[in-house]
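Chain by chain, the residues:
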Amino acid sequence: MVLGPERGDPIVLRGTGVALWRALDRPQSTDELAISLAEEFDASADAVRSDIEPVLAELSAAGVLRPVS
Amino acid sequence: VTGSGPTDIPRRIAGYGLPGTTPAFPQDVLDDETWDGMLAAVTRERVTGHLVLAIHDGAFPATEDQHAACVDARERALALSLMLERLLLTTVAQLDSMKIPTRVLRGPAVAHTVYPDPGLRSFGDVDLLVGERHL
């Protein structure tokens, strides 16, 4: 469960969401995330990318994630 | 931690995971009525995190439905704790900017300094100490 620093309700991460959060311990691109999680879950990178993009968007909107150059 | 009746379970659950403690839990799954009463007490005492941990470890027997109910209760408690922590951080930052010193007491302070996982220690309010001359 994560909460943005300024507003919004808590976001509950489950299953692959938890793995995604753990993988976010260092800056990386969405493609890199998709590839590493695909390997972990024995799935295609394209399918994982489709799954994680909405979650990343939600976390970004909540202010939990921020883009880095 | 002493006691062996169902009404004492919340206290035993609160001690679960503490070094040197081996709380005695029921050997069999509780019937629904007993479980509901126990979960209500565990929720009231804000130790749902410990109960979820005990169930996950296999130390406390529970059905899938009981486990799910406990996880739900813990998530509600965590959500409240997180919202309170955010309010606390915002308040402390505002007071800091006004050069007003503060001390965080009890729940959030204990959760982050005493517990291995702060999510184990939920709380329903926050206590902030402010010097009398700043009131």
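Summary of the structure given here.

Reading guide: rules and limits
Residues numbered from 1 in each chain as written. Chains lettered and ligands numbered in written order. Predicted model: local features only at pLDDT ≥ 70, side-chain atom pairs only at ≥ 80, totals over all residues. Heavy atoms only, no water. Helix = DSSP H or I, 4+ residues; strand = E, 2+ residues; numbered from the N terminus. Buried < 20%, exposed > 50% of the residue type's maximum accessible area, 1.4 Å probe, protein only. Polar contact = N/O pair within 3.5 Å; in protein donor to acceptor, adjacent residues only side chain to side chain. Axes fitted to C-alpha atoms, helices over the stretch in contact; angles between N-to-C directions. Parallel < 35°, antiparallel > 145°, perpendicular 65-115°, else oblique. Contact = heavy atoms within 4.5 Å. Nonpolar A, V, L, I, M, F, W, Y, C, P; charged D, E, K, R; others polar. Left-handed = near helix turned anticlockwise from the far one by under 90°. Buried area = accessible area lost by both parts, 1.4 Å probe. Salt bridge = Lys/Arg side-chain N within 4 Å of Asp/Glu carboxyl O. Expected span 1.5 Å × (residues − 1). 1 Å grid on protein atoms, 1.4 Å probe; cavity = no way out; pocket = protein on both sides within 12 Å on 5 of 7 lines; lining within 4 Å. Points joined across faces, edges and corners; volume = space filled by probe spheres on them.

Let us look at the environment of Thr21(B). Residue and element names in this part refer to chain B. The topology assignment puts Thr 21 in the loop between helix H1 (9-14) and helix H2 (32-44). A residue is classified by how much of its surface remains accessible, and Thr 21, at 29% relative accessible area, is partly exposed. Spatially, the C-alpha atoms of Thr 21 and Leu 128 are 31 Å apart, while their sequence positions differ by 107 residues. Polar side-chain contacts of Thr 21 include one of 2.9 Å to the backbone oxygen of Gly 15.

Okay, the packing of H2(B) against helix H3 (residues 48-56) of chain B next. Residue and element names in this part refer to chain B. The N-to-C vectors of H2 and H3 enclose an angle of 130°; their axes lie 8 Å apart at closest approach. Considering their axes alone, H2 and H3 lie oblique with respect to each other. Listed contacts from H3 to Trp 35, Met 38, Leu 39, Val 42 and Thr 43 of H2 are Thr 48, Leu 51 and Ile 55. The class makeup of the residues in the contact of H2 with H3 is six nonpolar, two polar and no charged.

Turning next to the packing of H2(B) against helix H4 (residues 64-97) of chain B. All names here are of chain B. At a minimum axis separation of 11 Å, H2 and H4 run at an interaxial angle of 15°. By the angle between their axes, H2 is roughly parallel relative to H4. Crossing geometry of H2 relative to H4 is assigned as right-handed. Touching Asp 32, Trp 35, Leu 39 and Thr 43 of H2 are Gln 66, Ala 69, Cys 70 and Ala 73, all from H4. Considering only residue class, the contact of H2 with H4 consists of five nonpolar, two polar and one charged.

What follows concerns the interface of chain B and chain A. Counting residues at the interface gives six residues for chain B and twelve residues for chain A. Between chain B and chain A, the buried area comes to about 690 Å², and carbon and sulfur atoms account for 64% of it. Interface area lost by chain B to chain A is led by Glu75(B), Leu82(B) and Arg86(B), which between them contribute 73%. There are one salt bridge connecting chain B and chain A. Among the ionic pairs, Arg14(A) bridges to Glu75(B), the shortest N-O distance being 2.7 Å.

Residue and element names in this part refer to chain B. Per the stated rule, a full pass over the model turns up eight salt bridges over all chains. The partner of Asp 127 in a salt bridge is Arg 106, with the nearest N and O atoms 3.1 Å apart. Of the two residues, Asp 127 is situated in strand E2 (residues 127-130) and Arg 106 in the loop between strand E1 (102-105) and helix H5 (107-113); the sequence distance between them amounts to 21 residues. The partly exposed category is assigned to Asp 127, whose relative accessible area is 24%.

For H4(B), built from 34 residues, the straight-helix expectation of 50 Å at 1.5 Å per residue is met to within 8% by its first-to-last C-alpha distance of 49 Å. Positive backbone phi, approximately 60°, marks Lys99(B), located one or two places after H4(B).

The next thing to look at is the layout of surface pockets. Counted as a void, the largest pocket has a volume near 760 Å³. As for the largest pocket, its lining consists of 28 residues, and the residues nearest its centre are Met1(A), Arg74(B), Leu78(B), Asp117(B) and Gly119(B). Here the lining of the largest pocket gets seven residues from one element, more than from any other, and that element is H4(B). The residue inventory of the lining of the largest pocket, partitioned by class, reads 15 nonpolar, six polar and seven charged. As a volume, the second largest pocket reaches approximately 390 Å³. Leu24(A), Gln28(A), Leu65(A), Arg66(A) and Pro67(A) are the residues nearest the centre of the second largest pocket, which is lined by 14 residues in total.

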